[in-house]
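Breakdown of the fold
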Amino acid sequence: MLGRKDLGFRVIHVLPLRAIGDKFFRDLTREPSEDSKKPGLLWILKNNGLQVNPRDVGLQHMSSRGSPFLAKRYVITTIDTFITSLFKLPVSEIAMAVRRGTAHYEISRGFIYSSTVILDEFHLYVLQGSFKGERTLTSIISALKGLIDAEIPIIIATATLPKKVQKIIEKEIKLEADDAIIEEIAGPAKDMPRRNLKIDLIDYHNVDKSVLLDQISNESCKRSLEGSVLVISNTVGDAIDIYSRIRDRVKNIRECGSDVRLLHSRMAGFHRSEVLKWLESSEDKDRKIKKGSILVATQVVEAGVDVSFDHLITEASPPDNLIQRIGRIARRGGEGYIIIYPFQDKSKHVYIEDIVKETIKRIREKKEQSTIELALEIYDEYIRNPQDLLKIDLLRSLYELDRNLSLNHRILIKLLNEFCTLTRDSEILPVITEDLYNLYKKRKDSGDSVKIDDFIVPLDTETIIRNSERIKGFLIDEEIVKLEDNSPKDLQNLIMKFNRMIKSRDANICLSIEMMKYSIDAFLIEANYDLERGLILRGDTF
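Presented here is an overview of the structure given in this document. (Residues numbered from 1 in each chain as written. Predicted model: local features only at pLDDT ≥ 70, side-chain atom pairs only at ≥ 80, totals over all residues. Heavy atoms only, no water.)

What follows is about the pattern of salt bridges. The final tally for this structure, using the stated rule, is 29 salt bridges. A salt bridge links Asp 402 to Arg 109, with the shortest nitrogen-to-oxygen separation between them at 2.8 Å. In this pair, Asp 402 is assigned in helix α15 (residues 392–403) and Arg 109 in helix α5 (residues 105–112), connecting sequence segments 293 residues apart. The same class applies to Asp 402 as to Arg 109, namely buried. Here Asp 306 and Arg 332 are joined by a salt bridge, their closest N and O atoms 3.0 Å apart. Of this pair, Asp 306 sits in the loop between β10 (293–297) and β11 (311–315) while Arg 332 is found in the loop between α11 (319–326) and β12 (334–341), placing the two residues 26 residues apart along the sequence. Given a relative accessible area of 28%, Asp 306 falls into the partly exposed group. (Salt bridge = Lys/Arg side-chain N within 4 Å of Asp/Glu carboxyl O. Helix = DSSP H or I, 4+ residues; strand = E, 2+ residues; numbered from the N terminus. Buried < 20%, exposed > 50% of the residue type's maximum accessible area, 1.4 Å probe, protein only.)

This part takes up the state of the cysteines. Note: disulfide means a covalent bond formed between the sulfur atoms of two cysteine side chains. Throughout the structure, instances matching the rule amount to 1 disulfide. Here Cys 221 pairs with Cys 256 through a disulfide, and the sulfurs are 2.1 Å apart. Residues Cys 221 and Cys 256 are joined by a disulfide whose S-S torsion is about -75 degrees; by sign, that bridge is left-handed. Here Cys 256 lies in the loop between α9 (236–250) and β9 (259–263) and Cys 221 lies in helix α8 (residues 209–224), a separation of 35 residues in the sequence. Judged by its relative accessible area of 2%, Cys 221 falls in the buried class. Given the relative accessible area of 1%, Cys 256 is considered buried. (Disulfide = S-S within 2.5 Å.)

Here we come to the packing of helix α3 (residues 79–86) against helix α6 (residues 135–149). Running from N to C, α3 and α6 point in directions that differ by 50 degrees, and their axes come no closer than 11 Å. One finds that α3 runs oblique with respect to α6. Here α3 and α6 pass one another in a crossing that is left-handed. Touching Ile 79, Phe 82, Ile 83 and Leu 86 of α3 are Ser 139, Ile 140, Ala 143 and Leu 147, all from α6. For the contact of α3 with α6, the class distribution of residues is 7 nonpolar, 1 polar and no charged. (Axes fitted to C-alpha atoms, helices over the stretch in contact; angles between N-to-C directions. Parallel < 35°, antiparallel > 145°, perpendicular 65-115°, else oblique. Left-handed = near helix turned anticlockwise from the far one by under 90°. Contact = heavy atoms within 4.5 Å. Nonpolar A, V, L, I, M, F, W, Y, C, P; charged D, E, K, R; others polar.)

As a packed pair, α6 and helix α7 (residues 163–172) sit with axes 10 Å apart at the nearest point and diverge in direction by 40 degrees. As judged from the angle between their axes, α6 and α7 are oblique. Note that α6 runs across α7; the crossing there is right-handed. Each of Leu 137, Ile 141, Leu 144 and Lys 145 in α6 lies in contact with α7, whose residues at this interface are Val 165, Ile 168, Ile 169 and Glu 172. Residue classes in the contact of α6 with α7 are distributed as 6 nonpolar, no polar and 2 charged.

Right, here's the structure in full:
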């Protein structure tokens, strides 16, 4: 915990991913019902006579407008929304700021500077890319510097963080270990459940990929007859393939468990919610996933998903990812079994291969959970100069923008034009398919309480560039505008840019800025959306 302890009338709870924020908000505000008999914390407090108003809690991010200026007493938000709001470009006014050059940015800053700030799942903010000029870490440190200068109370909650990352944070925000405003809060060891985990490494290096996926599917089914199974792949393509193979086997109850679901990043919000509800309904009285249940997932299950499986079958990954994955096994205590299968070629686009190889080498020498935790030292060996983790020019620009009252939101717009995003190595952009749009219209017309945001799928810029010829239009004000239509004049310039991008597949366009300029809610992409497998891009395997 950093900063003063006499403030706290308002709390801004910052999370790394929208999906985590959505679930946290649901868990906090949920009332008991037939679908979910576990009430949220707000209901429990209110039921015990405390004065709690659900309207004091807001969920604010790009797809949820629960507290546009972060003004409610308890705001749950994402790191990108928090960073842009702190640095003078509130999400609620980004479009107006880009198009008209004006924004009421001091309102959200005023609420930030009079709140307790919680940076949760901090380990997910850092070490996201190549260890060179990490944007998220740079932006976070810039924010910490300004908030600590103002003595704002800050709580950093993290599970795993390499020592060199801690040191660069301490150095940049100029905090000493014996500084009176620093306080470390750790949970009591007695509250930790006792787990007995067995770890095995499987060598499938010299087999055909299809044979490998069959072996993973067979092992998953075999273990589902003994307990619940979590299967994690580093790529969406492999997760979908494994799921399809297991699903075919589930039809024969003697060969496989009773039910299987899929969870990955290329799913619409309503789809993810359905899978999470299935997980909740699959828990027994001890909050463990029931025998016969299988979840196939990607990294999205590593954080914000509080589940306890008996078996884990996972692709090799860096140590911090493995720690998070193993944390979903025997989470309530008891026996747990882990199988790690080899790192796949496609995963080189996701993780640094050398770090994964060194992690597996150390695990092979001693197959214990403590070995994986100690493997975090690999990062300290790999990061030769911690200063390289930062984009120094961005760090200084953001810090000065925060401190200097004469600098306004136009500075951040310039930085966004240069970097596109301050919180990721790559932009994450919304897309929608025609069948998803039609499903939304059908449910809305039938009287269902639905939001268009729940029918949108996030895609990274690289995937959109690879599939640029499939971009067929835009979603604007809940209406589809196709490229070949007689588009409004103000869209003609954007369409010309898109045509160049489609031809070159490498146009230097910051797509998120273009979306803001033209109030575009999502790109219309020509693809199928499967209500079991999510967004399917033909020929795209990542």
